Structure formats: structure tokens, C-alpha cells
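Here is what each chain is made of, one letter per residue.
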Amino acid sequence: SHVVEIECRAADMGPCGIEAIRAWDVNPATVIGRIEGGPMLADLRADVSGPVQFSRAVRNARNGTFSLLLPLPGGYKVNLHATGWEPHSLTVTVDTPGQVMPLPAIALTPLEISLPGPRALSADEPLVLVCFAHANIWGQEPAEWLSRRVSWINSQKPHAVLDANEMNPVYVLGALRPLQCPLLMCSGNHSMDGFEAALSAANRTLGIASSRIITAGKSVPDNGLWEQTFSVFTKQDKLRIVCSYEPYAPAEWLKRCGIRFYFYGHSLVEPHHWERGSTQFLRKVDANTFYRVEIGPPHDLSAPIRIQRFIFRREE
């Protein structure tokens, strides 16, 4: 029988989570260590096998430390993996109850991820996009949820995937490694420092036949960089699409540049699907929604747009 008291010691430091509270009738050994992986690494998963088997998320994102309680004597194998980083394995042996085993520092290396180009777009077929936004992919468990969506995304045969107002691009890229199309992603109000630096130029603009998609992350509305952002469009880009943090691009620029479809991931003031002039807007409804969007033919400012919504709960 136990009484557990939970106290928040630093309420101004942001939210925290408790995965589990465990109790044994033995004195467990403790493995402690530190894991480095660059500023984007939050937590990771430890898969433990040996005298007992379990899997749990580990690592304090603020200081990089972690601990594992191993209840029985014997040899254990620990596989450490964070979505978007190279995995790391180690073995430890517990000799005596209550033993404390410090480990040398562990360094994880971010994966080099290169997604394929889009499939061809013919004049008589629609441009297909899969769009999701504000999915709060900050660390390992939400990245695992996102990775379970890849087979569905690929089954939609999209030309590209748009992710608006995201938090941690490394976990997103790691989760979506099996994609069979390009990914465009933009930052937002919860994004980690260094978000833009973690993305290649390929994640910011994409041309597909006579269409072009551009991204407008948080820095664009914050600094009024709409003219610079829209200058990427050329005369050859007849169907123009924006993946943005906010919907508040100046109306005159939307009209001047002929933006047909505008997907965004933050403001909840407008309906989830609305229009301004010739521009159709689509926003995120919740963190579990994915849209399948068909645009055209024709692939220009007159293109019809068809939208379907799909919901994937976090426990799925």
C-alpha cells in the first residue's frame, strides 16, 4: 500500500507529464545517464529486454538526463530510439539489488532524411494534397502516432503533404520518412527555436507542373514579409497554393498573386473552410484531423476544390 503525493515545483516552467508510477516488492537497480542529440531532441523510447521486458519514454528534455529502474538481477539489453535520430543500443548487468549504475554520456545523431519528388501531374487529373496542422509533434510519443499515419497518407497517392504550424521538424521528418511524396512544413507559435534552420529549402517551396506551393511560417506575418514570400511565384505557376501559420496575408497580395488555395494552422476565428475573393481557405480543426484535398483540373485560379476530412485519435 502506497500514498503518492504529486507536487508541481515550478509552475512557470510549462507543462509536464507523468507516464506511470511503478512499485515493486524488490529493491530495483537504477541505470542513470545523459543523452545528447542536439537542441531538437526532447525525449526518446527505451525498449528493455532481459529478466523483465518493458518499453517507456525516457529523458528529461531540459537537462538530457534519464534513468531506468531494473527490478531483477541479470543482463539487460536497452534499445534507445528517437524518431528522426540514429538509434543506440547498450547492455547492462545488474549484480546486486539497489545497485546504481552511471553510464557514459550517449550521443544520438540526427538522421539525414530525403523524401522523394512528386509524382507526375497530368492536365486532366486533380492535384492531390494531404494536409494536417498544429498536430503538436514535440517528441517521441506524438511522433509515433504520426508515423502510424504514413500508410494511410501514401494510400491517398498525394502529390505533396502540407503540415502547418508544427513544433519540432526533426520528429516530423523522422516519422514521415516512408512518405512517397514531398513534405512542406511551416513553423508556428509553439515551434522550437531553430525550426527553420532544421529544414532544407525543399520543405519551403515546391513546383508541380503548372502549380506551385509555398510556405509562410511564423516569421512571415510577424515581420510583414508577405511580398518577399510571394515573390517566389513565377509566370509559369498558374495554380498557386500557400501553407501558412496564419491566414492574414494582405487581401491585395492574395488577389494580385492569384492564390487559389490557402491552408493554415492557427487562427480559429473563421469557419474551417471559407473564401475571400478567388482564394479558398482551409484551417485546422483539431490536432487529429487530416484533410485530403483535390484541386482542379484545370490547374489555375478557376480550379475546383474538393475537401475530405479524416480523424485519427491519438490512441489509434
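See the structure shown above.
The following refers to the structure shown. (Residues numbered from 1 in each chain as written. Predicted model: local features only at pLDDT ≥ 70, side-chain atom pairs only at ≥ 80, totals over all residues. Heavy atoms only, no water.)

### Notes on the environment of Asn 288
Here Asn 288 is to be found in the loop between strand 17 (279-283) and strand 18 (289-295). In this structure the C-alpha to C-alpha distance between Asn 288 and Leu 239, which are 49 residues apart in sequence, comes to 28 Å. Residues contacting Asn 288, with those up to four places away along its chain left out, are Trp 145, Phe 310, Ile 311, Phe 312, Arg 313 and Arg 314. (Helix = DSSP H or I, 4+ residues; strand = E, 2+ residues; numbered from the N terminus. Contact = heavy atoms within 4.5 Å.)

### Quick notes on the layout of surface pockets
Taken as a whole, the second largest pocket spans an internal volume of roughly 270 Å³. Residue lining of the second largest pocket: 15 residues in total, with Arg 204, Thr 215, Gly 217, Val 220 and Thr 229 positioned closest to the centre. No other element matches the 3 residues that strand 11 (residues 183-187) contributes to the lining of the second largest pocket. (1 Å grid on protein atoms, 1.4 Å probe; cavity = no way out; pocket = protein on both sides within 12 Å on 5 of 7 lines; lining within 4 Å. Points joined across faces, edges and corners; volume = space filled by probe spheres on them.)

### Re the nonpolar core
Formed by 50 residues in total, the largest nonpolar core has its most connected members in Leu 146, Leu 176, Leu 183 and Phe 290. It is helix 3 (residues 169-175) that provides the largest number of residues to this core, a total of 5 residues. Residues within four places of Leu 183 in sequence aside, it is in contact with Leu 115, Val 161, Asp 163, Val 172, Leu 173, Leu 176, Ala 202 and Asn 203. With 24 residues, the next largest nonpolar core counts Leu 127, Leu 129, Ile 208 and Tyr 291 among its residues. (Core = buried A, V, L, I, M, F, W, Y, C linked by side-chain atoms within 4.5 Å. Buried < 20%, exposed > 50% of the residue type's maximum accessible area, 1.4 Å probe, protein only.)

### Focus on the state of the cysteines
Under the definition given, this model contains 0 disulfides. Looking at Cys 181, it has no disulfide partner, and the nearest cysteine sulfur is the one in Cys 131, 11 Å off. (Disulfide = S-S within 2.5 Å.)

### Focus: the packing of aromatic side chains
Aromatic ring pairs are described here by two measures, namely the spacing of the ring centres and the angle between the planes. Evaluation of the coordinates by the stated rule reveals 14 aromatic pairs. On the basis of an interplanar angle of 75 degrees and a centroid distance of 6.0 Å, the ring pair of Trp 152 and Phe 290 is categorised as edge-to-face. With Trp 152 in helix 2 (residues 150-155) and Phe 290 in strand 18, this residue pair connects regions lying 138 residues apart in the sequence. The pair formed by Trp 152 and Phe 290 is uniform in burial state, with each residue classed as buried. Seen from their ring centres, Phe 290 and Phe 312 are 5.5 Å apart, and the 85 degrees between their planes marks the pair as edge-to-face. Of this pair, Phe 290 sits in strand 18 while Phe 312 sits in the segment after strand 19 (305-311), and the two are 22 residues apart along the sequence. Ring pairs connect the aromatic residues Phe 132, Trp 145, Trp 152, Phe 290, Phe 310 and Phe 312, which therefore count as one cluster. Cation over ring: Arg 256 sits above Trp 253, and NZ or CZ is 4.3 Å from the ring centre. A cation sits over an aromatic face here: Arg 314 above Trp 145, 3.7 Å from the ring centre. (Phe/Tyr/Trp six-rings, centres within 6.5 Å; stacked < 30°, edge-to-face > 60°. Lys NZ or Arg CZ within 6 Å of the ring centre and 35° of its normal.)

### What to know about the pattern of salt bridges
Side chains carrying opposite charge are able to pair once their charged atoms draw close together. The tally for this structure, following the rule as stated, stands at 10 salt bridges. Of the charged contacts in the structure, one is a salt bridge between Arg 34 and Glu 36, with a shortest N-O distance of 2.4 Å. For Arg 34, a relative accessible area of 37% gives the class partly exposed. Taking the shortest distance from any N to any O, the salt bridge between Lys 218 and Asp 222 comes out at 2.5 Å. On the basis of relative accessibility, which here comes to 47%, the residue Asp 222 falls in the partly exposed class. Salt bridges here are not isolated pairs; linked through shared partners, they connect Arg 45, Glu 141 and Glu 144. (Salt bridge = Lys/Arg side-chain N within 4 Å of Asp/Glu carboxyl O.)

### Overview of the environment of Pro 51
Within the secondary structure layout, Pro 51 lies in the loop between strand 2 (44-49) and strand 3 (54-58). Overall, Pro 51 belongs to the partly exposed group, its relative accessible area being 36%. C-alpha separation for the pair Pro 51 and Leu 239, spaced 188 residues apart in sequence, amounts to 60 Å.

### Some thoughts on the pairing of strand 6 (residues 88-94)
In terms of strand pairing, strand 5 (residues 74-81) meets strand 6 through 7 bridges, oriented antiparallel. Paired with Gly 74 across the two strands is Val 94, which belongs to strand 6. Turn length for the strand 5-strand 6 hairpin, with the two strands adjacent in sequence and antiparallel, is 6 residues, and the turn residue Gly 84 shows positive phi of about 110 degrees. (Pairing = 2+ DSSP bridges.)

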